[in-house]
Amino acid sequence: MLYEGWDKDYINNKDLYLDLFDKVMQEDNEQSVEFLEKKIAKYVGRKHGITCNSATDALYYSLLCYDIGYGDEVLVTDFSWISSASCIKMAGATPVFCDIDIDSYHISFEEIQKKTTKRTKALIYTHLFGHMSETKEIEDFCKQNNIIFIEDAAQSLGSIYHNRYAGSIGDISSFSFNHNKVISGVSGGGIVLTDDDDIAAHLRKLKQHGKNKDDYELLGYNSKMLYTNAAFIEMRFDRLDELQEKRIKIANKYHEAFKDIDVNIQIPDAGLVHNYHKYVVRFPNKEIRDRVKNKLDAQIKYDKPLSSNGVFEKVNNPNAQLVADTIISLPVHPYLEDDEIERIINIMLLASNELYV
């Protein structure tokens, strides 16, 4: 079973896709990228949007724009996708891995306070799985300590917490349009969001060979978004609310079905609109998780803490390890059929009866 559903989206809307492709191929669509940048920035409430090849590039450029590099430390969660931390090493800085809050799976404020030093220049804050948490304490702490707050909103387009949109928090932020995201490009993609005119101008040069008009002012990169990709992302983005409503309905069915079994599920509080990039279930231990995973053929996101990867120095963060050992992700894309949802629920409930008695 595919977890993203974009194959079904194409089949169900094939005429729309083919018409758009035909239009893109016959017109000068250089402006399609600019339209997408403005649309995403306006939706989130940012002044500028700068597209690039990927959200990994977006995070990397965010660090470079603030001159973060050798000798600097950057605080980051120990439980996320590799890009949240690899961009730090790519910039020459040192990732400082912080443990997570056991319920939100987000970086722990206590850890942030404990691991901040005089060398700490930035924090990469990841909204994991589309979930959002209260960040005011962390934002205030960053301002008090001159720490750049970089919002890794790659997975959370469409999520809102107490009227604050994911991507609108902090000094700079980014989204991903990878194939597994709630809005996907046909060839991936990313976007950086900022309210700072100078940072935006620097980013635009940085992602396109350092070019400013007819002059190459600095060493830059080739990280452009293809016009065709921007057009397809915009078409899908225009249906964000419709697609998200379907994901929320599926998540609510899971909430109701699993409320009386011994698992941890993330039921959003009254102030949160959760985009359900992932629907995550946490089990009491790894043995039970693995047995249920095999019955469901479910995904594990992620199966080990970030610092456990060979490119980094291992850090002992017990909550990150516990979550890595005990969670699975259930399919939650908008094109799941009712019988597929029921099958997933029934397997979970049957596994619960077998494993907990």
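Preceding this section is the structure that the text describes.
Caption draft 1: Spotlight on the packing of helix α4 (residues 55-65) against helix α5 (residues 83-90). Remark: α4 packs on α5, axes separated minimally by 9 Å, with the N-to-C direction vectors making an angle of 45 degrees. It follows from the interaxial angle that α4 and α5 lie oblique. The element α4 and its partner α5 pack so that their crossing is right-handed. For the pair formed by α4 and α5, the contact residues are T56, L59, Y60 and L63 on the first element and S83, S84, C87, I88 and M90 on the second. Tallied by class, residues from the contact of α4 with α5 come to six nonpolar, three polar and no charged.

Caption draft 2: Region of the structure containing the side chain of E37. Structurally, the position occupied by E37 is in helix α3 (residues 31-44). A polar side-chain atom of E37 sits 3.2 Å from a polar atom in the side chain of R204. Excluding residues within four positions of it along the chain, E37 makes contact with G49, I50, T51, I191, R204 and K207.

Caption draft 3: Quick look at a nonpolar patch on the surface. On the surface, Y10, I11 and L18 cluster together to form a nonpolar patch covering roughly 290 Å² of accessible area. Tracing the sequence through the fold places Y10 in helix α1 (residues 6-12).

Caption draft 4: Up close: the sheet that holds strand β14 (residues 279-282). Strand order in the open sheet made by the three strands is β12-β14-β15, with antiparallel pairing throughout. Edge positions in the sheet fall to β12 (264-265) and β15 (327-330), since each has one partner strand and no second. Sheet topology note: the β14/β15 ladder contains four bridges and is antiparallel. Bridge pairing in β15 links V280 to S329. Along the sheet, helix α12 (residues 318-326) makes contact with β14 and β15, crossing β15 at roughly 50 degrees.

Caption draft 5: A look at α4. Among the eleven residues in α4, nine count as buried, and that is most of the element. If you check which residues of α4 are buried, you get A55, D57, A58, L59, Y60, Y61, S62, L63 and C65. Two or three places before T56, at the opening of α4, S54 has a side-chain oxygen 3.4 Å from that residue's backbone nitrogen. Positive backbone phi, at 55 degrees, marks D67, one or two positions downstream of α4.

Caption draft 6: Structural context of the packing of aromatic side chains. For the structure on display, the rule yields 18 aromatic pairs. Each ring, one from Y17 and one from F232, has its centre 5.7 Å from the other, and the planes form 20 degrees; the classification is stacked. Separated by 215 residues along the polypeptide, Y17 in helix α2 (residues 14-26) and F232 in helix α9 (residues 227-237) bring together distant segments of the chain. Of the two residues examined, Y17 and F232, each falls in the buried class.

Caption draft 7: Expanded view of the sheet that holds strand β5 (residues 148-152). One open sheet accounts for seven strands, arranged β1-β9-β8-β5-β4-β2-β3; its pairing is mixed. Each of the sheet's edge strands pairs with one partner strand only, and the pair in question is β1 (48-52) and β3 (94-98). In this sheet, neighbouring strand axes are inclined to one another by 25 degrees on average, regardless of whether the strands run parallel or antiparallel. When strand β8 (residues 172-176) meets strand β9 (residues 190-194), the two strands line up antiparallel, connected through five bridges.

Caption draft 8: Spotlight on the packing of α3 against α9. Relative to each other, α3 and α9 sit at 35 degrees, their axes nearing to 8 Å. The handedness of the crossing between α3 and α9 is left-handed. Residue-level inspection shows S32, V33, F35, L36, K39, I40 and Y43 of α3 in contact with α9, the latter providing Y227, A230, I233, E234 and F237.

Caption draft 9: The nonpolar core, seen in detail. The biggest cluster of nonpolar side chains holds 45 residues, and the ones touching the most others in it are L123 and I183. Broken down by element, the residue count for this core peaks at six residues, all from α9. The residues contacting I183, other than those within four sequence positions of it, are W6, L157, S176, F177, N178, I233, R236, F237, L240 and L243. Core analysis: the next-biggest nonpolar cluster, separate from the first, contains 29 residues, Y61, C87, F97 and I150 among them.

Caption draft 10: Quick look at the pattern of salt bridges. Scanning all chains against the criterion turns up 24 salt bridges. Of the charged contacts in the structure, one is a salt bridge between E340 and K8, with a shortest N-O distance of 3.2 Å. With E340 in helix α13 (residues 338-356) and K8 in helix α1, this residue pair connects regions lying 332 residues apart in the sequence. Residue classification places E340 among the buried positions, given a relative accessible area of 17%.

Caption draft 11: Structural detail: the side chain of D57. Relative to the helices and strands, D57 is located in helix α4. Here D57 is buried and forms no salt bridge, its nearest opposite-charge partner K207 lying at an N-O distance of 9.8 Å. Filtering out sequence-adjacent residues up to four positions away, D57 remains in contact with C52 and S223.

Rules behind the numbers
- Residues numbered from 1 in each chain as written.
- Predicted model: local features only at pLDDT ≥ 70, side-chain atom pairs only at ≥ 80, totals over all residues.
- Heavy atoms only, no water.
- Axes fitted to C-alpha atoms, helices over the stretch in contact; angles between N-to-C directions.
- Helix = DSSP H or I, 4+ residues; strand = E, 2+ residues; numbered from the N terminus.
- Parallel < 35°, antiparallel > 145°, perpendicular 65-115°, else oblique.
- Left-handed = near helix turned anticlockwise from the far one by under 90°.
- Contact = heavy atoms within 4.5 Å.
- Nonpolar A, V, L, I, M, F, W, Y, C, P; charged D, E, K, R; others polar.
- Polar contact = N/O pair within 3.5 Å; in protein donor to acceptor, adjacent residues only side chain to side chain.
- Patch = residues over 30% accessible without salt bridge, like charges linked within 9 Å, V, L, I, M, F, W, Y side chains within 5 Å.
- Areas by Shrake-Rupley, 256 points an atom, 1.4 Å probe, with all protein chains shown as cover.
- Salt bridge = Lys/Arg side-chain N within 4 Å of Asp/Glu carboxyl O.
- Pairing = 2+ DSSP bridges.
- Buried < 20%, exposed > 50% of the residue type's maximum accessible area, 1.4 Å probe, protein only.
- Phe/Tyr/Trp six-rings, centres within 6.5 Å; stacked < 30°, edge-to-face > 60°.
- Core = buried A, V, L, I, M, F, W, Y, C linked by side-chain atoms within 4.5 Å.
- Lys, Arg positive; Asp, Glu negative; His and termini not counted.

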